[in-house]
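Architecture and fold: a report
Residue-level listing of the chains:
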Amino acid sequence: MSSDTFQASKRISDEIKADLAEHPDRYVMLTGDRPTGRLHLGHYFGTIRERVRLQDEGVTTRIVIADYQVITDRDTTEHIADNVRNMVIDYLACGIDPERTIIFTHSAIPALNQLMLPFLSLVTEAELLRNPPVKSEQEASGHALTGLLLTYPVHQACDILFCKGNVVPVGKDQLPHIEQTRQIARRFNERYAPVFPEPHGLLTEAVEIPGLDGRKMSKSYGNAIALSATADETAKLIKKSKTDSERCITFDKEGRPGVSALLTTAALCTGRAEADIAAEIGEDGAGALKRYVTEAVNGYLAPIRERRAALEADPGYIEDVLREGNRRANEIAEATLDQVREAMGMVY
């Protein structure tokens with residue numbers, strides 16, 4: 001993506017953010033996650049907290065649990081049902097309100113997935129092959145390029161457009177997906193009839209969420225603190241995290257990744273600056289730092305864990321939330337598919 005394209009996207013994103021505060025009812029937001037494991041602090045500070053804020057400000061919000069997308073780069077759906085259930089629990093514990101926000105799964109919304117057929121006719125093979133996120137995801141997976149991974153941006157367009165989404169929270173690296181969706185919407189509207197909005201990316205603040213080893217927090221790296229972890233499990237994870245031999249605590253992301261990752265984790269949970277926390281601990285060393293981080297994380301997650309425990313004790317309610325979310329999403333998707341068929345002259 002060129003610098004000019006990014007700057008144009010950022011300008012539009014900033015304009016939308018300013019308008020959101022005044023007119024939240026103008027916006028429909030689509031966001032979601034793949035149920036490949038448990039959600040962790042990186043997900044919370046990176047996306048979930050912002051979803052809750054926008055929901056509470058009055059933005060119409062839809063969250064897809066992208067179960068079909070699990071098999072873009074994996075050969076199994078083992079544990080997927082448990083992952084989906086726990087994802088719903090995490091969302092609700094963090095503040096997502098199922099009365100205001102529809103939570104649904106790909107596999108339960110046939111009409112959404114049926115949009116893939118007309119949408120695929122609107123993109124070329126070359127356009128799919130040069131989508132940067134597709135390339136990077138293929139390289140990261142080590143798998144051959146599957147048809148599902150190749151067409152992932154089109155499936156994402158179905159997610160966004162089935163509910164007439166016009167804003168999607170994204171990082172800079174995901175902007176090509178949004179541009180592909182805009183292109184599909186524009187081509188459909190021009191070829192058949194004006195059915196879809198052209199959505200924009202709502203650029204999220206670049207909050208870097210390090211794992212306990214200094215790398216990006218990720219389930220696959222084993223360096224994440226799951227939202228479902230207990231206080232004791234969290235303490236053990238932090239205690240085992242690698243630091244270094246230097247006693248004085250300082251914030252230096254390049255030179256001291258382990259120490260700095262712990263400081264950033266504490267900063268996110270306390271609202272303080274990393275340098276201030278480092279200066280306070282000073283010569284007390286890594287042991288004191290780990291105790292501080294443990295208290296900060298466990299203190300921050302305590303109310304989420306309390307709500308989580310209550311939700312876990314009521315599995316019937318979790319099933320009801322997902323069933324109702326799927327029902328509502330199906331109504332929207334079927335109405336959109338009817339509009340698409342009518343626009344294409346396929347009502348017989």
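Higher on the page you've got the structure.
Report follows, based on the coordinates. (Residues numbered from 1 in each chain as written. Predicted model: local features only at pLDDT ≥ 70, side-chain atom pairs only at ≥ 80, totals over all residues. Heavy atoms only, no water.)

1. Quick notes on empty space enclosed by the protein
Put simply, the rule is: Both site types are read off a 1 Å grid over the protein atoms alone. A 1.4 Å probe that fits but cannot get out defines a cavity, while an open set with protein on both sides within 12 Å along at least five of seven lines defines a pocket; lining residues have an atom within 4 Å of a point. Grid points are joined across faces, edges and corners, and a volume is the space filled by probe spheres set on the points. The secondary structure listing takes helices from DSSP runs of H or I that are at least 4 residues long and strands from runs of E that are at least 2 residues long, numbered from the N terminus. Each residue gets one of three labels, nonpolar for Ala, Val, Leu, Ile, Met, Phe, Trp, Tyr, Cys and Pro, charged for Asp, Glu, Lys and Arg, and polar for the others, Gly among them.
In total, this model carries one cavity of 30 Å³ or more according to the counting rule given. Of the voids in this model, the largest cavity is the one considered here, and its volume is about 40 Å³. What lines the largest cavity is simply Leu41, Phe45, Ile209, Pro210, Met217, Thr264, Thr265 and Leu268. Breaking the lining of the largest cavity down by element, the ones donating at least two residues are helix 2 (41–57) and helix 12 (257–270). Looking at the lining of the largest cavity, the element that brings in the most residues is helix 12, giving three residues. Tallied by class, the residues present in the lining of the largest cavity amount to six nonpolar, two polar and no charged.

2. Remarks on the pairing of strand 5 (residues 200–203)
Let me state the cut-off plainly: Only when DSSP finds a minimum of two bridges between them are two strands counted as paired. If you view a crossover with the strands going away from you and the path from the first strand over the helix to the second runs clockwise, you call it right-handed.
Examined bridge by bridge, strand 4 (residues 167–170) and strand 5 share four bridges and lie parallel to one another. Across the sheet, Pro169 pairs through a bridge with Leu202, a residue of strand 5. The handedness of the strand 4 to strand 5 crossover, carried by helix 10 (residues 175–191), is right-handed.

3. Topic: helix 13 (residues 274–281)
Condition: Buried residues are those whose accessible area, probed at 1.4 Å on protein chains only, stays under 20% of the maximum for their type, while exposed residues exceed 50% and partly exposed ones sit between those limits. Arc, as used here, means the arc of the directions from the helix axis to the C-beta atoms. Residues count as neighbours in contact if any of their non-hydrogen atoms are within 4.5 Å of one another.
Among the residues of helix 13, Glu274, Ile277, Ala278 and Ile281 are the ones counted as buried. Burial along helix 13 is one-sided: seen end-on, the buried residues are contained in an arc of 100 degrees. Where the residues of helix 13 are buried, they touch helix 12 and helix 14 (285–312). Positive phi shows up at Gly282, right after helix 13, with a value of about 50 degrees.

4. Details of the packing of aromatic side chains
Put simply, the test is: Aromatic rings from Phe, Tyr and Trp, taking only the six-membered ring of Trp, are treated as a pair when their centres fall within 6.5 Å; an angle between ring planes under 30 degrees marks them as stacked, one over 60 as edge-to-face, and anything in between as tilted.
What the rule picks out here adds up to seven aromatic pairs. Centre to centre, the rings of Tyr44 and Tyr300 are 5.8 Å apart; their planes meet at 70 degrees, and the pair counts as edge-to-face. With Tyr44 in helix 2 and Tyr300 in helix 14, this residue pair connects regions lying 256 residues apart in the sequence. Residue Tyr300 is classed as partly exposed on the basis of its relative accessible area, which comes to 23%. Taking 5.3 Å as the distance between ring centres and 45 degrees as the angle between the ring planes, the aromatic pair formed by Phe45 and Tyr300 counts as tilted.

5. What about unusual backbone geometry?
We note that His79 has phi near 75 degrees; this positive angle belongs to a residue other than glycine. In this structure, Lys164 takes a positive phi of about 60 degrees despite not being glycine. If you trace the backbone, Lys164 turns up in the loop between helix 9 (152–162) and strand 4.

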